[in-house]
Amino acid sequence: MRGIPAMRYQGDDMALVEIEARYDLTPRWSLIGFTGTGKAFDEGDSFSDAKYQNVVGGGFRYLVARQLNMRAGVDVAKGPEEWAYYITVGHAWQL
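Below, the structure is looked at part by part. (Residues numbered from 1 in each chain as written. Predicted model: local features only at pLDDT ≥ 70, side-chain atom pairs only at ≥ 80, totals over all residues. Heavy atoms only, no water.)

1. Quick word on a nonpolar patch on the surface
Piece 1. Taken together, the side chains of Tyr23, Leu25, Trp29, Leu31, Phe60, Val74, Ile87 and Val89 make up a nonpolar region of the molecular surface, amounting to roughly 840 Å² of accessible area.
Piece 2. Of all elements in the fold, only strand 2 (29–41) and strand 5 (83–89) reach the threshold of two or more residues within the nonpolar patch.
Piece 3. Looking at the secondary structure, you find Leu25 in the loop between strand 1 (13–24) and strand 2.
Piece 4. Accessibility expressed as a relative area gives 48% for Leu25, which makes it partly exposed. (Patch = residues over 30% accessible without salt bridge, like charges linked within 9 Å, V, L, I, M, F, W, Y side chains within 5 Å. Areas by Shrake-Rupley, 256 points an atom, 1.4 Å probe, with all protein chains shown as cover. Salt bridge = Lys/Arg side-chain N within 4 Å of Asp/Glu carboxyl O. Helix = DSSP H or I, 4+ residues; strand = E, 2+ residues; numbered from the N terminus. Buried < 20%, exposed > 50% of the residue type's maximum accessible area, 1.4 Å probe, protein only.)

2. Remarks on the sheet that holds strand 4 (residues 70–78)
Piece 1. One open sheet holds the 5 strands; their spatial order is 1-2-3-4-5, and the pairing between them is antiparallel. Only two strands of the sheet have a single neighbouring strand rather than two, namely strand 1 and strand 5. Recorded for the sheet is a direction-independent mean angle of 20° between the axes of neighbouring strands.
Piece 2. Inspection of the sheet shows strand 2 paired to strand 3 (residues 53–65) by 10 bridges, in the antiparallel sense. Bridge assignment links Trp29 to a residue of strand 3, and that residue is Tyr62. (Pairing = 2+ DSSP bridges. Axes fitted to C-alpha atoms, helices over the stretch in contact; angles between N-to-C directions.)

3. Some words on the side chain of Ser30
Piece 1. You can see Ser30 is positioned in strand 2.
Piece 2. Using a relative accessible area of 1% as the deciding quantity, one classes Ser30 as buried.
Piece 3. Within the structure, the side chain of Ser30 is placed 3.1 Å from the side chain of Arg71, a separation counted as a polar contact.
Piece 4. Apart from residues lying up to four places away in sequence, Ser30 is in contact with Arg22, Tyr23, Asp24, Leu25, Gly59, Phe60, Arg61 and Arg71. (Polar contact = N/O pair within 3.5 Å; in protein donor to acceptor, adjacent residues only side chain to side chain. Contact = heavy atoms within 4.5 Å.)

4. Topic: the pairing of strand 1
Piece 1. Relative to strand 2, strand 1 is paired through 12 bridges, and the arrangement is antiparallel. Each residue of the ladder has a partner; that of Glu18, found in strand 2, is Gly36.
Piece 2. Two successive antiparallel strands, strand 1 and strand 2, enclose a turn made up of 4 residues.

5. Observations regarding a negative patch on the surface
Piece 1. A surface patch of negative charge is lined by Asp12, Asp13, Asp42, Glu43, Asp45 and Asp49.
Piece 2. Its location among the elements puts Asp42 in the loop between strand 2 and strand 3.
Piece 3. Owing to a relative accessible area of 36%, Asp42 belongs among the partly exposed residues under this scheme. (Lys, Arg positive; Asp, Glu negative; His and termini not counted. Charge placed at Lys NZ, Arg CZ, Asp CG, Glu CD.)

Spelled out as structure tokens, the structure:
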């Protein structure tokens, strides 16, 4: 999840939900917002005993290649312990 350092919370099992929304300001510039929550727990531990870790953030995107629908931008996220900054190019799914 954006906002939590890699390998910070570990366990044998985990649950994660994240949502992102994009608003197009112009044909090329967009704003995004996202939030998520998740927990990690070990085998034998109770799911309800593990603590949820929440994140929230936002950023912007610029459409660098219209034919490929490729966007690039910057995200800022606030996790449970610290702020994080990300440079993004492309995305994991096609809309």
